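Structure at a glance
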Amino acid sequence: MDANLLTTPCWFVCAFDSEYDSNVITICNIRDPTTSIVLSKQYTDTVGSRWRLNVYPKGNNTNQRYLSTYVELCDGIAGKYQYTVELLHDDVTRQVKFQSEDHFTVGEIRGYQKFIRVRRLLEEGYLNEEGSILIRLSIRPANLALRCQYQEEYQTLKEEKIRTQFNTYVHWKGVPVRACFSQSLKLLPIYSQLNQNLMRIKSLRDDNASLQNLVYPEYASNIFVVRNFTALRQAQEDICSDNAYDDLGCCWRLIVYANGDKEGRDEWLSVYLRLLEGIPGSYEYCVELLHNDAAKTVKMEGTQSFDIQERFGWTRFARLDWICANGFVSEEQDALYFRFSLRPPNYKAKCEYHHLLRLEAKRECELLKRELIPAYSTMTYTLRNFSEMQRKDSFVYSDPLVDDLGFAWRLLIYANGHNEARGNHLSVYLILFEGVSARFEYRVELLHHRNPTANIKMEGVNVFKLKKIWGWPQFMDHERLQEEGYLDQSTDTLEFRLSMCPPDIKLKCEYQQEFIRKLKENQK
């Protein structure tokens, strides 16, 4: 892909957070409330949205020990906002402050059911002499880009509203203004007011455009030195920069043809950019051939959509004879100096690319886990006639679980308990019946036959010796077993699930080799 000579403005980048819109609100009748809810007066933020604070002096719902506070978006633009609610006190260190970020729609409330205990409010000096409290409510859009977006949406709505009102006025009982001169004279002040409002909207939009220029991400810049420039020209070779990574983690490379490429050969310096790895999409670029005199620096910049491994650039970046005649080539080192800079076109795009990178990293992590962490081998065992086993004070071995290494595992279950747990607990043990001594991750579960989220789970890592029992004498007491529904009364059964695996693939391979050697020795 080739590009023509482009000249675009180079933006100055400045990142900052938008300020909160704050308002101190007096909430009356807190000491002796006459209503269950106190609504503050509405106030308007710089976006144009109207907000108010809803206070429940004796708490919301049934909890009357706490004062509850909620923020409500009464009118304006729905979206994501950050808000802070502060209960003021003469002693600044005792002020109560809550801060959150939520998505608001018009008429929806967000806040804190347990803002402060009523007893603390009454006893620790938060009330003034009139029985009122002061609360500072601070609100702002979640970031500067959203603030610009919400202001644009609000001004658009306001403009539409003004036009609708004007259209209502300019038709007098269905007759256009032109047909009613006397009514037209009355409407002149309204028309003037409309023009003033539209001019103000235009001014606000211009301000928004200026703000949006400030939310550009910073460039990620790299220096590339093309050494032995004369030799590269004679050999008609190209040279690539080292891999350069931006702050997103995307990998870029600059490619320079010292004697030109394609139709630029022998006359032009050819330069290309290539996205090696990362997120394909739209990026702003700036490629500069540096000179000691900054005014002579050759600069190509613009916005381009990049795909992985696809190059973009200029077969005619700069004439070779002009480069050599104007001192771009360092005589001492026979070198050219380049700076190439890249960034997403705006913060919204950068956030989208970040999200895609996280998804890609998560997917790669899952693939690595599958390769490096072995999967569990799992079996389910049903213990029948539990009550009879409990009366007989007997035990039972589960069916064997043979994992993918060939190791055989069994559960040893004492229905009436074992040793010191006899008579009041279910005892469960885990035994390695066949294999070699090894370190394994285990998971032993007693399944709840109605509610899977209530399963009792014992898991961890342990070194298991061949035919040595290891487990839990007090796995679960009999009373809980029957009362909480783990014992299926209709069939008199308990259901267990056993899962085993080595901690990592390296140990799995070692255990497998050791087990194979043991089997070969036994065959001899």
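Here's what I pulled together on the structure shown here. (Residues numbered from 1 in each chain as written. Predicted model: local features only at pLDDT ≥ 70, side-chain atom pairs only at ≥ 80, totals over all residues. Heavy atoms only, no water.)

**Some words on the overall build of the protein**
Tallying secondary structure elements over the protein gives nine helices and 29 strands in all. Across the 524 residues of the protein, 43% fall into the buried class. Of the contacts formed within the protein by residues at least 6 apart in sequence, a portion of 66% connects residues at least 24 apart. Summed over all atoms, the accessible surface of the protein reaches about 29300 Å², with 48% contributed by carbon and sulfur. (Helix = DSSP H or I, 4+ residues; strand = E, 2+ residues; numbered from the N terminus. Buried < 20%, exposed > 50% of the residue type's maximum accessible area, 1.4 Å probe, protein only. Contact = heavy atoms within 4.5 Å. Areas by Shrake-Rupley, 256 points an atom, 1.4 Å probe, with all protein chains shown as cover.)

**Considerations on empty space enclosed by the protein**
Summed over the entire model, instances satisfying the criterion amount to one cavity of 30 Å³ or more. Space inside the largest cavity adds up to approximately 30 Å³. When residues of the lining of the largest cavity are traced back to their parent elements, those giving at least two are β12 (220–226), β14 (244–245) and β20 (336–343). (1 Å grid on protein atoms, 1.4 Å probe; cavity = no way out; pocket = protein on both sides within 12 Å on 5 of 7 lines; lining within 4 Å. Points joined across faces, edges and corners; volume = space filled by probe spheres on them.)

**Notes on the sheet that holds strand β21 (residues 377–383)**
In space, the four strands of this open sheet follow the order β21-β29-β26-β27, with antiparallel pairing throughout. This sheet does not close on itself; its edge strands, each paired only once, are β21 and β27 (456–464). Sheet twist, expressed as the average angle between the axes of neighbouring strands with direction ignored, equals 20°. Two strands pair when backbone bridges link them, and strand β26 (residues 438–447) and β27 are joined in this way by nine bridges, in the antiparallel orientation. Bridging across to β27, A438 finds its partner in F464. (Pairing = 2+ DSSP bridges. Axes fitted to C-alpha atoms, helices over the stretch in contact; angles between N-to-C directions.)

**As for the pattern of salt bridges**
Where side chains of opposite charge bring their charged atoms close, a pairing between them can arise. Overall, the coordinates contain 20 salt bridges when judged by the stated rule. Ionic pairing is found between R136 and E86, a salt bridge with its closest N-O pair at 3.2 Å. Separated by 50 residues along the polypeptide, R136 in strand β9 (residues 133–141) and E86 in strand β6 (residues 79–87) bring together distant segments of the chain. Owing to a relative accessible area of 26%, R136 belongs among the partly exposed residues under this scheme. E360 serves as the salt-bridge partner of R363, at 2.7 Å between the closest nitrogen and oxygen. You can see R363 and its partner E360 sitting in helix α6 (residues 347–372), three residues apart, about one turn around the helix. Because the salt bridges share partners, they merge into one network encompassing R94, R120 and E124. (Salt bridge = Lys/Arg side-chain N within 4 Å of Asp/Glu carboxyl O.)

**A few points about the nonpolar core**
Counting 38 residues, the largest nonpolar core has L254, L269, V271, L289, F317, L336 and F338 as its most contacted members. In this structure, L336 is in contact with F224, V225, V226, F229, L269, L289, I323, F328 and V329, ignoring residues within four places of it in sequence. By size, the runner-up hydrophobic cluster in this structure holds 37 residues, among which are M379, M389, L446 and L481. (Core = buried A, V, L, I, M, F, W, Y, C linked by side-chain atoms within 4.5 Å.)

**Things to note about unusual backbone geometry**
The phi dihedral of N385 is positive, around 55°, even though this residue is not glycine. For N385, the location among the structural elements is in the loop between β21 and α7 (386–392). Residue classification places N385 among the partly exposed positions, given a relative accessible area of 44%. Of note in the backbone geometry, K467 takes a positive phi value of approximately 60° without being a glycine. Within the secondary structure, K467 sits in the loop between β27 and β28 (470–477). Residue K467 is classed as exposed on the basis of its relative accessible area of 57%.

**Side note on the side chain of E445**
Considering the arrangement of structural elements, one finds E445 in strand β26. In this structure, E445 is in contact with N455, I456, K457, E495, F496 and R497, ignoring residues within four places of it in sequence.

**Quick word on the sheet that holds β9**
Read across the sheet, four strands follow the order β1-β9-β6-β7 without closing on themselves; strand pairing throughout is antiparallel. For this open sheet the edge positions go to β1 (21–27) and β7 (96–104), each flanked by a neighbour on one side alone. Each strand axis lies, on average, 20° off the axis of its neighbour in the sheet, ignoring direction. Examined bridge by bridge, β1 and β9 share seven bridges and lie antiparallel to one another. Bridge assignment links S22 to a residue of β9, and that residue is S138.

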